[in-house]
Amino acid sequence: MIGILPGLRCLHQTRGDSSFLGYEITVQHSATRPSVNGSVALRVPRQVIKAKCTPYLKHGKPERRTELFNRDDLTIISTYGAEYRGLIQYYLLAGDVWRLSRLKWVAQTSMLKTLAAKHRSTVSAMARKYRAKISTPDGPRTCYEASVQRAGRKPLVGRFGEIPLKRQKKAVLQDRPVVRPVARKELITRIRMGKCELCEQIGQVEVHQVRKLADLTESGRPQPPWAQHMAKKRRKTLVVCTRCHEAIHTGQPTAQFTE
């Protein structure tokens with residue numbers, strides 16, 4: 001058992017705590033709060049905090065990220081904000097989510113150092129430039145914010161540190177909508193059909209391609225049927241069999257196609 005200092009309202013736990021889904025699960029015991037004795041609590045594992053701080057540290061101190069120097073300020077702040085927000089939101093059910101303040105300080109300092117190095121300025125100047133106060137369900141909150149105005153549209157906004165490190169017993173995860181599978185490209189569908197678009201023979205097919213549609217409508221000379229077909233469909237590709245493909249390249253007549 002871990003000892004308790006007299007007069008401190010602290011909880012201690014037994015060794016052999018279990019972990020589940022990234023949380024540390026423990027049974028609480030308190031000398032000053034008997035009502036919590038025996039209840040199960042969720043905590044943020046210390047090794048998680050250490051591991052998440054590591055990418056922002058160099059020789060134990062927050063360091064700038066050179067791979068972000070070529071990005072705009074909105075992207076830099078949004079990148080740090082998304083990384084921090086994803087972890088904080090996951091551990092809002094933990095009773096000691098406040099321990100992630102270490103991660104917030106490390107990531108925040110690394111972000112400001114990155115901005116300062118990019119603009120050849122100082123950390124304090126970047127902090128003054130991007131510090132903002134926003135309204136949240138928990139009241140006004142200070143964070144860091146960058147925005148880009150767009151004509152006729154809502155501005156793009158990137159934030160860091162807008163979520164308070166306060167336990168939410170009934171935290172609700174806002175899952176993103178399911179992303180529907182992207183339909184296959186039209187060319188892939190045509191190839192998979194295995195049908196020549198000129199002679200309509202079924203079998204192995206190849207793709208004939210032109211550089212631009214303007215090449216199909218050259219003035220001064222009549223275009224072959226295959227070129228007329230591609231121009232009418234406004235396609236730079238034509239799925240054909242080997243025989244028709246060779247005829248196209250040798251300038252010989254090809255089979256007539258059927259609409």
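Rules behind the numbers
Residues numbered from 1 in each chain as written. Predicted model: local features only at pLDDT ≥ 70, side-chain atom pairs only at ≥ 80, totals over all residues. Heavy atoms only, no water. Helix = DSSP H or I, 4+ residues; strand = E, 2+ residues; numbered from the N terminus. Buried < 20%, exposed > 50% of the residue type's maximum accessible area, 1.4 Å probe, protein only. Contact = heavy atoms within 4.5 Å. Pairing = 2+ DSSP bridges. Axes fitted to C-alpha atoms, helices over the stretch in contact; angles between N-to-C directions. Parallel < 35°, antiparallel > 145°, perpendicular 65-115°, else oblique. Nonpolar A, V, L, I, M, F, W, Y, C, P; charged D, E, K, R; others polar. Expected span 1.5 Å × (residues − 1). Arc of directions from axis to C-beta.

**Thoughts on the overall build of the protein chain**
- Looking only at helices and strands, the protein chain features seven helices and ten strands.
- The 259 residues of the protein chain split such that 34% are buried.
- Contacts in the protein chain between residues at least 24 apart in sequence constitute 55% of all its contacts with a sequence separation of at least 6.

**Some thoughts on the sheet that holds strand β7 (residues 139-150)**
- Strand order in the open sheet made by the three strands is β6-β7-β8, with antiparallel pairing throughout. In the strand order of this sheet, the two ends are held by β6 (131-136) and β8 (153-160), each with one partner. Neighbour-to-neighbour, the strand axes of this sheet turn through a mean angle of 55°, independent of strand direction.
- Taken strand by strand, helix α2 (residues 73-90) contacts β7 and β8, and its axis lies near 55° from that of β8.

**What about the packing of helix α3 (residues 101-119) against helix α4 (residues 123-130)?**
- Orientation of α3 relative to α4, taken along the N-to-C sense of each, is 105°, at an axis distance of 8 Å. As far as their axial angle goes, α4 and α3 are roughly perpendicular. Between α3 and α4, the contacting residues are Leu112, Lys113, Leu115, Ala116 and His119 on the first element and Val123, Met126, Ala127 and Tyr130 on the second.
- Class assignment for the residues of the contact of α3 with α4 results in seven nonpolar, one polar and one charged.

**Considering the environment of isoleucine 76**
- Its place among the elements puts isoleucine 76 in helix α2.
- Isoleucine 76 gets classed as buried once you look at its relative accessible area, which sits at 0%.
- Measuring from C-alpha to C-alpha, the distance between isoleucine 76 and glycine 158 comes to 8.6 Å, with 82 residues separating the pair along the chain.
- Among residues more than four places away in sequence, those in contact with isoleucine 76 are Leu68, Arg71, Thr114, Leu115 and Lys118.

**Regarding α3**
- For α3, built from 19 residues, the straight-helix expectation of 27 Å at 1.5 Å per residue is met to within 8% by its first-to-last C-alpha distance of 27 Å.
- Those residues of α3 that sit buried are Leu103, Lys104, Val106, Ala107, Gln108, Thr109, Ser110, Met111, Leu112, Thr114, Leu115 and Ala116.
- At the C-terminal side of α3, arginine 120 shows a positive phi close to 55°.

**Things to note about helix α1 (residues 46-53)**
- Among all positions in α1, only Val48, Ile49 and Cys53 are buried. Viewed along the axis of α1, the buried residues span an arc of 125°, placing them on a single side of the element. Structural note: α1 exposes Gln47 and Lys50 on the side pointing more than 90 degrees away from its buried face.
- Buried residues belonging to α1 abut β4 (57-58) and α3.

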